[in-house]
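Chain residues, written in single-letter form:
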Amino acid sequence: MKLLVTGGAGFIGSHVVRRFINAYPEYSIWNLDALTYAGNLENLSDIEHQPNYQFIKGDITDKEFISSLFEKEQFDGVIHLAAESHVDRSISGPDAFIQTNVVGTANLLNAAVQCWKGNFDGKRFYHVSTDEVFGSLGPEGKFNESTAYDPRSPYSASKASSDHLVRAYHHTYGLPIVISNCSNNYGSHHFPEKLIPLIINNIKNSRPLPVYGKGENIRDWLWVEDHARAIDLIYHQGNNGETYCIGGNNEWKNIDVVRLLCKLMDEKLGRAAGESEKLISYVTDRPGHDARYAIDATKLKTALGWEPTQPFEQLLAQTIDWYLANEEWLEHVTSGNYRSYYEKQYTR
Ligand code: NAD
Ligand code: TYD
């Protein structure tokens, strides 16, 4: 089994690569990543010397490169995670999202169809997507596999577009595909532009904790290793052409997540109770801010026996410990470009 993972140097991709490297020593795992600001080979330093691991630096928007890579390497399967992934960046600069998420996905699909030439035995194209394609929920109900698409940010619209392309290639060319739409992940190696690692980093440095609007938007948080476990199951046992929703069954208002992080970090940093909460700063809301995401993962439980790990508080504490123990990682990713991004995003 020669498996191409795209975006393997990013947050979720690195957990997927690590899981597959360790669980399937007989597979050959190829990690293709452009190493954008979000890609970091330090995320994989523990497995980079494994004999079943190969890294290729490359950009999925480069059509010629992608098609010749497939011709040369003859992959058996693809797990596609490479993407521009941050909503706020998609608002200030949507073009990169359209290029990577839409055009890049189309390049991979075309290359797979060309390379496999109608002989799809043992082949699979797994597209990793997000619950954000479904739009914004009110207080009731959850997203499931039959929820209509209603993306509302350039990020979610570009992911929705890629999902449609993947399904179209299945119906039109017979490409064997699976898609999953997952809720918000948290865990180690998460780039500190996203809520949880950004708040951890700011609490650590006693910087203001930016909460958009009133902090009442709700997200359904899933432990990243649970996501990687679901991807493993779906890649191996999911039905051809089907979609699976993955979620944490763990809804939290943003302000409550921030308060919990403050409480846990006050304890860990030996600060007085309530000290970090004083850093909370309500800032201008995100335009088009989706109110609530929540996933009904019944299909995945019934079909493949997957359930999320609990409890949130314990895994969040473990996540904080990882950031506190990996100062060098944090320093590397928050130097340089991160500073100018941060100034632009939060000084308005
Ligand atoms: P990330 O931003 O941490 O990592 C993305 C990776 O893709 C980086 O390593 C980056 O270098 C690489 N990349 C970007 N553009 C590329 C290009 N043109 N060519 C090759 N590589 C490129 O993202 P993540 O949070 O790990 O998300 C991974 C996937 O999971 C994405 O498709 C995202 O839509 C999806 N997803 C994320 C979440 C979440 O909570 N983070 C939830 C559900 C689904
Ligand atoms: P984020 O981690 O960017 O994920 P997504 O927007 O893809 O769900 O944001 C999670 C929630 O936290 C979202 O409702 C926006 C909010 N948020 C803040 O309040 N402040 C911040 O600085 C960031 C980055 C996000």
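Just so it is clear, the structure is predicted and the values come from calculations on it, not from any experiment.

Overview of unusual backbone geometry
Across the chain, the bulk of peptide bonds are trans and the bulk of non-glycine residues have phi less than zero.
Here's step 1: Unlike most non-glycine residues, Leu35 shows phi in positive territory, near 55 degrees.
Here's step 2: Relative to the assigned elements, Leu35 resides in the loop between strand 2 (28-33) and strand 3 (53-57).
Here's step 3: Note on Leu35: relative accessible area 26%, which makes it partly exposed.
Here's step 4: Residue Asn249 is not a glycine yet carries a positive backbone phi of 50 degrees.
Here's step 5: Among the structural elements, Asn249 can be located in the loop between strand 11 (243-246) and strand 12 (251-253).
Here's step 6: By relative accessible area, which is 54% here, Asn249 ends up exposed.

Details of the site of ligand 2
Here's step 1: Not every one of the 18 residues close to ligand 2 is listed here, only the nearest: Glu132, Arg219, Arg286, His289 and Tyr346.
Here's step 2: Glu132 has a polar side-chain atom sitting 2.5 Å from an oxygen atom of ligand 2.
Here's step 3: For ligand 2, whose unbound accessible area comes to 510 Å², protein coverage reaches 97%.
Here's step 4: Listed by contribution, the elements that provide at least two residues to the shell around ligand 2 are helix 3 (87-92) and strand 8 (209-212).

Notes on the side chain of Arg292
Here's step 1: Structurally, Arg292 is set in the loop between strand 13 (280-283) and helix 9 (298-304).
Here's step 2: A relative accessible area of 7% means that Arg292 is categorised as buried.
Here's step 3: Here the side chain of Arg292 touches Gly138 through a polar contact of 2.7 Å, landing on its backbone oxygen.
Here's step 4: With sequence-adjacent residues up to four places away left out, Arg292 is seen in contact with Gly135, Ser136, Leu137, Gly138, Pro139, Glu140, Gly141, Lys142, Phe143, Ile218, Arg219 and Glu251.

Cut-offs and rules
Throughout, a residue's number is its position along its own chain's written sequence, starting from 1. By the order in which they are written, chains take letters starting at A while ligands take numbers starting at 1. Local features in this predicted model are restricted to residues whose pLDDT is 70 or higher, and side-chain atom pairs enter the listing and the counts only when it is 80 or higher, whereas totals over whole chains, interfaces and linings include all residues. Side-chain metrics in this entry use all non-hydrogen atoms of the structure; hydrogen atoms and water are not considered. Strands are runs of DSSP state E lasting at least two residues, helices are runs of H or I lasting at least four, and both sets are numbered from the N terminus onward. Relative accessibility thresholds used throughout: buried, under 20% of the residue-type maximum; exposed, over 50%; partly exposed, between the two (1.4 Å probe, protein chains only). Nearness is defined per residue: one heavy atom within 4 Å of the molecule or strand is enough. Think of a polar contact as two N or O atoms within 3.5 Å of one another; within protein, one of them needs to be a possible hydrogen donor and the other a possible acceptor, and neighboring residues in sequence only count if both atoms come from side chains. The accessible surface values rely on the Shrake-Rupley method and a 1.4 Å probe; as for residues, cover is taken only from the protein chains in view. Here a residue-residue contact requires only that any non-hydrogen atoms of the pair lie within 4.5 Å.

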